[in-house]
Amino acid sequence: MKPRAHDTRTVPGRTDHVVVVGAGLSGLAAALHLLGAGRSVAIVERGEHPGGRAGRDDADGFRMDTGPTVLTMPHLIDEALSAVGDSLGRRLDLVRLDPAYRARFADGSTIDVHTDAGAMAEEVACKADGRDALGYLRLRDWLSRLYRLQMRSFIDANFDSPLQLLTPELARLAAMGGFGRLAPAIGRFVSDERLRRIFSFQSLYAGVAPQQALAAYAVIAYMDTVAGVYFPKGGMRALSDALAAAVVDAGGTLHYGRDVRRLERRGDRITAVETADGLRLGCDAVVLTPDLPMAYRLLGRTPWRPVPLRFSPSAVVLHAGVDRAWAETPHHTISFGAAWEETFDEICRRGTTMSDPSLLITRPTATDPALAPPGHELYYVLAPCPNLRTGRIDWRRTADGYRDSLVRTLEQRGLTGFGSAIVTGRLTTPLDWSRKGMAYGTPFATSHTFAQTGPFRPRNSVAGTSNAVLAGCGTTPGVGLPTALVSGKLAAARIVGEAAVGKGAR
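Residues numbered from 1 in each chain as written. Predicted model: local features only at pLDDT ≥ 70, side-chain atom pairs only at ≥ 80, totals over all residues. Heavy atoms only, no water.

**Student:** Describe in detail the side chain of Asp368, supporting the description with residues and values.
**Tutor:** For Asp368, the location among the structural elements is in the loop between β16 (359-362) and β17 (377-385). For the buried Asp368, no salt bridge is present, and the opposite-charge side chain at shortest range is Lys233, 5.6 Å distant. The residues touching Asp368, leaving out its near neighbours within four places in the chain, are Phe231, Lys233, Gly234 and Gly235. (Helix = DSSP H or I, 4+ residues; strand = E, 2+ residues; numbered from the N terminus. Buried < 20%, exposed > 50% of the residue type's maximum accessible area, 1.4 Å probe, protein only. Lys, Arg positive; Asp, Glu negative; His and termini not counted. Salt bridge = Lys/Arg side-chain N within 4 Å of Asp/Glu carboxyl O. Contact = heavy atoms within 4.5 Å.)

Printed below as a string of structure tokens:
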């Protein structure tokens, strides 16, 4: 592993037996790295399946993924598996999606997002112009350099103090424009408004509008539009199932259907994890992956911050099993409304739903027809919305009406007859996310404002508790499936030291 520019604190004393609370992706990754370092690991999960936010729901022959649908950076999965001598190729059948997305706009135009440089430059030249095609190639180079710098020095790194930022890499990031604003940064490369949206909309999932987000968060666009988008056969559930199976094969244990009630303490050390049904697991260290407020409640301590934590917008998700297909919808479609800046203002400031929504439409059966009964298709429609702190929406009263408005929007945008084709449906609102333990009803956790980024983000170590470590979207390094895997690795490094957790995601 390449040496860090700084040394970070690790758990003192014995760390032979570790309990991980939560079998989400961060918890599973932490377990694999810990097992690879020779620790005994037990995972306690309140659900009946692994995956956490990457959940599952089967109904009427449809196999619905209820969490993330976009899989990028698969080498991070391989890294976690290789910690125990396993491999991605052995555990998963991944399909690379081409196009990664189809972007559809209010004027009826479409742009397919290819991760191959030549194919995408040709698409841009055809749909926009030659100048933007050259601009895209320069943007791609900038995104790649930005990613390499940030992954090495800021994402795949534990911090104990903001002073640890003071390295030559920080100056390089500044020189690349990383501390400017995202929307203008993208605009320096491409002039077509549609292209600007394609390469900046991802910041919404980090909790910040492109006009306010740091340009450094263009790394999310790198993951989607350069590194490639994949889908595992069997659905996204196959990923958590594969990681959980590798944990068991490496000697770890998993306890499903058990809710952690309290942490037993002796001084500043956690000595055991106790579940509501009476299971007691002794430990030398513990990794906590629930959302930060819940983790802090278990620890009995909330770290002081000069300003309260800010949380990302949430999302309403419509799962629809239908009895027909619309051939013009590939695996992923981003359906943009005419409104843009107003959309972010409505969600982030006014606390209302989008009046002219931009939607992520996923048809997983385009890649894996076995996820639905013969002759049927599965659609997943994600509509960003305010979280329960920002919004004042009574979802108990308005959920059905909002579902109907989503269906109307889909039909107006080309999915004619969508409503009458639904044979099985599920609607998830911020209220449902909240019931699953997600703070303020958002699956996107704490937002990535400047004050909650890098060393300013809630740390994965908590003062006053010497052997508890945090992992997951709310802590280092942040929101997203790839960063959840890195978060688990960083949590393991806090326990066993950086040299013991693999070769690094470089």
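**Student:** Please provide a residue-by-residue account of helix α1 (residues 25-36), values included.
**Tutor:** For α1, which comprises twelve residues, the first-to-last C-alpha distance of 16 Å matches the rise-based estimate of 16 Å (1.5 Å per residue) to within 8%. Of all twelve residues in α1, eleven are buried, a share of seventy percent or more. All of the buried residues in α1 are Leu25, Ser26, Gly27, Leu28, Ala29, Ala30, Ala31, Leu32, His33, Leu34 and Leu35. (Expected span 1.5 Å × (residues − 1).)

**Student:** Give a description of the sheet that holds β17 that names residues and reports values.
**Tutor:** What the seven strands build is an open sheet, ordered β7-β6-β15-β16-β17-β14-β18; its pairing is mixed. With partners counted over all chains shown, the strands left at the sheet margins are β7 (110-113) and β18 (422-428), one partner each. In this sheet, neighbouring strand axes are inclined to one another by 20° on average, regardless of whether the strands run parallel or antiparallel. Both strand β6 (residues 101-104) and β7 contribute to a ladder of four bridges, which runs antiparallel. Residue pairing for β7: Arg102 is matched across the bridge by Asp112. (Pairing = 2+ DSSP bridges. Axes fitted to C-alpha atoms, helices over the stretch in contact; angles between N-to-C directions.)

**Student:** Please provide a residue-by-residue account of the sheet that holds strand β1 (residues 17-21), values included.
**Tutor:** Two modes of strand pairing occur in sheets, parallel and antiparallel, and in both the strands are linked by backbone hydrogen bonds. The strand order across the open sheet formed by five strands is β9-β2-β1-β13-β19, and the pairing between neighbours is parallel. Each edge of the open sheet carries a strand with a single partner, namely β9 (253-255) and β19 (468-470). When the angles between neighbouring strand axes are averaged without regard to direction, this sheet yields 20°. As paired strands, strand β2 (residues 40-44) and β9 are joined by three bridges and run parallel to one another. Within the sheet, the bridge partner assigned to Val44 lies in β9 and is His255. This element, helix α11 (residues 292-299), spans β13 (285-288) and β19 of the sheet and lies at about 175° to β19. Sheet strands touched by helix α16 (residues 481-496): β1, β13 and β19. Its angle to β19, the strand with the most contacts, is close to 160°.

**Student:** I'd like to hear about α16, residue by residue, with values.
**Tutor:** If you check α16, its first and last C-alpha atoms are 23 Å apart, about what 16 residues at 1.5 Å a residue would give, namely 22 Å. Summarising burial for α16: 16 of the 16 residues are buried, a large majority.

**Student:** Residues and numbers for the packing of aromatic side chains, please.
**Tutor:** Following the criterion strictly, the structure yields 13 aromatic pairs and no others. Aromatic pair Phe336 and Trp340: ring centres 5.6 Å apart, planes at 75°, arrangement edge-to-face. Taking the centre distance of 4.9 Å and the plane angle of 85° together, the rings of Trp340 and Phe344 count as edge-to-face. Here the two residues Trp340 and Phe344 agree in accessibility, since each one is buried. Ring pairing ties together the aromatic residues Tyr101, Phe105, Phe201, Phe336, Trp340 and Phe344, which thus form one cluster. Over the ring of Phe105 we find Arg194, and its NZ or CZ is 6.0 Å from the ring centre. The positively charged end of Arg389 is found above the aromatic ring belonging to Tyr440, 4.1 Å away from the centroid. (Phe/Tyr/Trp six-rings, centres within 6.5 Å; stacked < 30°, edge-to-face > 60°. Lys NZ or Arg CZ within 6 Å of the ring centre and 35° of its normal.)

**Student:** I'd love a proper account of the packing of α1 against α16, names of residues and values included.
**Tutor:** Packed helix pairs are characterised by how far apart their axes lie and by the angle those axes make with each other. The N-to-C vectors of α1 and α16 enclose an angle of 40°; their axes lie 7 Å apart at closest approach. Relative to α16, the element α1 is oriented oblique. Our pair here, α1 against α16, has a crossing hand that is right-handed. Contacts from Leu25, Ser26, Ala29, Ala30, His33 and Leu34 of α1 reach α16 at Leu481, Ala484, Leu485, Ser487, Gly488, Lys489, Ala492, Ile495 and Val496. Within the contact of α1 with α16, the residues separate by chemical class into ten nonpolar, four polar and one charged. (Parallel < 35°, antiparallel > 145°, perpendicular 65-115°, else oblique. Left-handed = near helix turned anticlockwise from the far one by under 90°. Nonpolar A, V, L, I, M, F, W, Y, C, P; charged D, E, K, R; others polar.)

**Student:** Requested: an account of the pattern of salt bridges, with residues and values cited.
**Tutor:** Evaluation of the coordinates by the stated rule reveals 25 salt bridges. One salt bridge in this structure joins Glu123 and Lys127, with 2.9 Å as the shortest N-O distance. Of the two residues, Glu123 and Lys127 are both situated in helix α4 (residues 117-127); the distance of four residues between them amounts to about one turn of the helix. Residue classification places Glu123 among the buried residues on the basis of a relative accessible area of 12%. Put simply, Asp345 and Arg350 hold a salt bridge, and the shortest N to O gap is 2.7 Å.

**Student:** Tell me what's going on with empty space enclosed by the protein, and back it up with residues and numbers.
**Tutor:** Within the structure shown, the criterion is met by four cavities of 30 Å³ or more. In this structure, the largest cavity encloses a volume near 120 Å³. If you trace the largest cavity, you find 13 residues lining it, with Phe201, Leu204, Tyr205, Ser358 and Pro384 closest to the centre. Those elements that provide at least two residues to the lining of the largest cavity are α12 (341-350) and β16. Of the residues assigned to the lining of the largest cavity, the class counts are eleven nonpolar, two polar and no charged. What lines the second largest cavity is Met64, Asp65, Thr69, Phe231, Met236, His319, Thr362, Pro364, Leu378, Tyr379 and Tyr380. Listed by contribution, the elements that provide at least two residues to the lining of the second largest cavity are β4 (62-65) and β17. No other element matches β17, which puts three residues into the lining of the second largest cavity. (1 Å grid on protein atoms, 1.4 Å probe; cavity = no way out; pocket = protein on both sides within 12 Å on 5 of 7 lines; lining within 4 Å. Points joined across faces, edges and corners; volume = space filled by probe spheres on them.)

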